[in-house]
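# Chain and residue survey
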Amino acid sequence: MAFVHDSFFKFVFTHPDRAAELLALSLPSKVLRSLDLASLRLLKGSFVPSELRETYSDLLFETPLRPSANEQPGLFVYLLFEHKSAADPSTVLQLLGYMIKIWEPYRVRNTARLPPIIAVVVYHGRRRWNAPRTFGDYFAPSPSIEALNPQFRPLLLDVGRISNESFRDLSVITRSALSALRYAFERGEGLLHAALPSQVTDNPTGEVMDYFRGLVSYLLRVSPPEEESAILNIVRTPAAREVVVTIAEKYINEGLTKGRTEGALAERRGVLRRQLEKKFGLSDDERALIEGVDDLDRLAAALDEILFAESKQQVLDKLS
């Protein structure tokens, strides 16, 4: 299911104006004033291996620093977003791996200075984030040497704890999308109404229609089958209702209720099998174990584990 949340997050926030709104919610005001967010630019490509891009999410932007007496002209920063729908213990280490890949071309060119990277984790899980927040959290407490441990602390934007005042200041699509991400775990009629505001549902056209289709697809994938009725109770106009009914029928016909289809399961099994073969090798019994898993969340957990696992069993344990 994690890949469904990741896909929706990327669908919405590859747009620089919406990414800028996430930064406004995340960054200290002093840092925010130093960035020229009007020039924010999405960088193509991913620092996630291609075979895992539906399991791991990354968005990378670039923006110049505003000219000032304290800044050299022409400097810029990278802004790295990582979306999480569950508190993942490997997140800080994962982000550090992305950052090293971003800096690698500068090392190859023997550049003396590296561009800063601001990393933001956008989280919308049900519970408070309880995984490591800093790189130092990975080390056992040792007062005698802790000052020498590497320090790295990404920013955490917990969508469920954004203030009402800040929420009201967002554009309608960003506000709707963040409400939908919250609704995936919290439910509640109020959140569903917030995800489906009249500015989006009343005769949507152009960019708003594209967003509305993506929004309805997401809501139907992460909700029980009866969610179609709840959405139709909010969506009033004929054009918008037709979109809801068409997408719902498509999912029913394709057996995509809550995204748990044989096709999606087969894809996840195949990725996991190939990655384990490449990294550790697999026995016939282990291949059969993977093929017998019919839970997308367990397969996603195993894929999350594989990047940093030191043994095959660490990954296979996630399937039990």
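In the block above lies the structure referred to throughout.
The sections below set out a description of the structure shown in this document. All values reported here derive from a predicted model rather than from experimental measurement.

Attention now goes to the nonpolar core. By size, the foremost hydrophobic cluster in this structure holds 75 residues, and its most contacted members are Phe-8, Phe-81, Leu-178, Phe-212 and Leu-272. Counting residues per element, this core draws most heavily on helix H9 (residues 206–221), at eight residues.

If you walk through the whole model with that rule in mind, you get 13 salt bridges. Note that Glu-62 and Arg-41 form a salt bridge whose closest N and O atoms lie 3.0 Å from each other. Taken together, the positions of Glu-62 in strand S2 (residues 59–64) and Arg-41 in strand S1 (residues 41–42) put the pair 21 residues apart, joining distant regions of the chain. Here Glu-62 falls in the buried class, since its relative accessible area comes to 18%.

With that settled, consider the packing of helix H1 (residues 2–13) against H9. Put simply, H1 and H9 touch, their axes get as near as 10 Å, and they point 165° apart. When the axis of H1 is compared with that of H9, the two are roughly antiparallel. Handedness of the H1/H9 crossing: left-handed. Note on element contacts: H9 touches H1 through Asp-210, Tyr-211, Gly-214, Leu-215, Tyr-218 and Arg-221, opposite Val-4, His-5, Phe-8, Phe-11 and Val-12. By residue class, the composition of the contact of H1 with H9 is seven nonpolar, two polar and two charged.

Now for the sheet that holds S1. Taken together, the five strands give an open sheet; going across it, the order is S1-S2-S3-S4-S5, and neighbouring strands pair in mixed fashion. Each of the sheet's edge strands pairs with one partner strand only, and the pair in question is S1 and strand S5 (155–158). Pairing of S2 with strand S3 (residues 76–84), which is carried by six bridges, proceeds in the antiparallel orientation. Residue pairing across strands places Leu-59 opposite Phe-81, the latter belonging to S3.

Going through the model one piece at a time under the given rule, you end up with ten aromatic pairs. Geometrically, the ring pair formed by Phe-8 and Tyr-218 is stacked, given 4.3 Å between the ring centres and 5° between the ring planes. Residue Phe-8 is located in helix H1, and its partner Tyr-218 is located in helix H9; the two are separated by 210 residues in the primary sequence. In terms of burial, Phe-8 and Tyr-218 fall into one category: buried. Seen from the ring of Tyr-106, Arg-109 lies directly overhead, with NZ or CZ sitting 4.8 Å from the centre.

To continue, consider the environment of Phe-9. Here Phe-9 shows up in helix H1. As a C-alpha pair, Phe-9 and Leu-59 span 50 residues in sequence and 9.7 Å in three-dimensional space.

The next thing to look at is the environment of Ile-173. Among the secondary structure elements, Ile-173 is positioned in helix H6 (residues 172–186). According to the relative accessible area criterion, Ile-173 is buried, its value standing at 8%. Discounting residues that sit within four places of it in the chain, Ile-173 has contacts with Val-12, Arg-18 and Tyr-211.

Quick look at the environment of Leu-65 now. With respect to the element layout, Leu-65 can be found in the loop between S2 and S3. What makes Leu-65 buried here is its relative accessible area of 15%.

This brings us to empty space enclosed by the protein. Evaluation of the coordinates by the stated rule reveals one cavity of 30 Å³ or more. Approximately 50 Å³ is the volume attributed to the largest cavity. If you trace the largest cavity, you find it lined by Val-92, Val-121, Trp-129, Pro-132, Arg-133, Pro-154, Leu-155 and Leu-156. For the lining of the largest cavity, the class distribution of residues is seven nonpolar, no polar and one charged.

Rules used in this analysis
Residues numbered from 1 in each chain as written. Predicted model: local features only at pLDDT ≥ 70, side-chain atom pairs only at ≥ 80, totals over all residues. Heavy atoms only, no water. Core = buried A, V, L, I, M, F, W, Y, C linked by side-chain atoms within 4.5 Å. Buried < 20%, exposed > 50% of the residue type's maximum accessible area, 1.4 Å probe, protein only. Helix = DSSP H or I, 4+ residues; strand = E, 2+ residues; numbered from the N terminus. Salt bridge = Lys/Arg side-chain N within 4 Å of Asp/Glu carboxyl O. Axes fitted to C-alpha atoms, helices over the stretch in contact; angles between N-to-C directions. Parallel < 35°, antiparallel > 145°, perpendicular 65-115°, else oblique. Left-handed = near helix turned anticlockwise from the far one by under 90°. Contact = heavy atoms within 4.5 Å. Nonpolar A, V, L, I, M, F, W, Y, C, P; charged D, E, K, R; others polar. Pairing = 2+ DSSP bridges. Phe/Tyr/Trp six-rings, centres within 6.5 Å; stacked < 30°, edge-to-face > 60°. Lys NZ or Arg CZ within 6 Å of the ring centre and 35° of its normal. 1 Å grid on protein atoms, 1.4 Å probe; cavity = no way out; pocket = protein on both sides within 12 Å on 5 of 7 lines; lining within 4 Å. Points joined across faces, edges and corners; volume = space filled by probe spheres on them.

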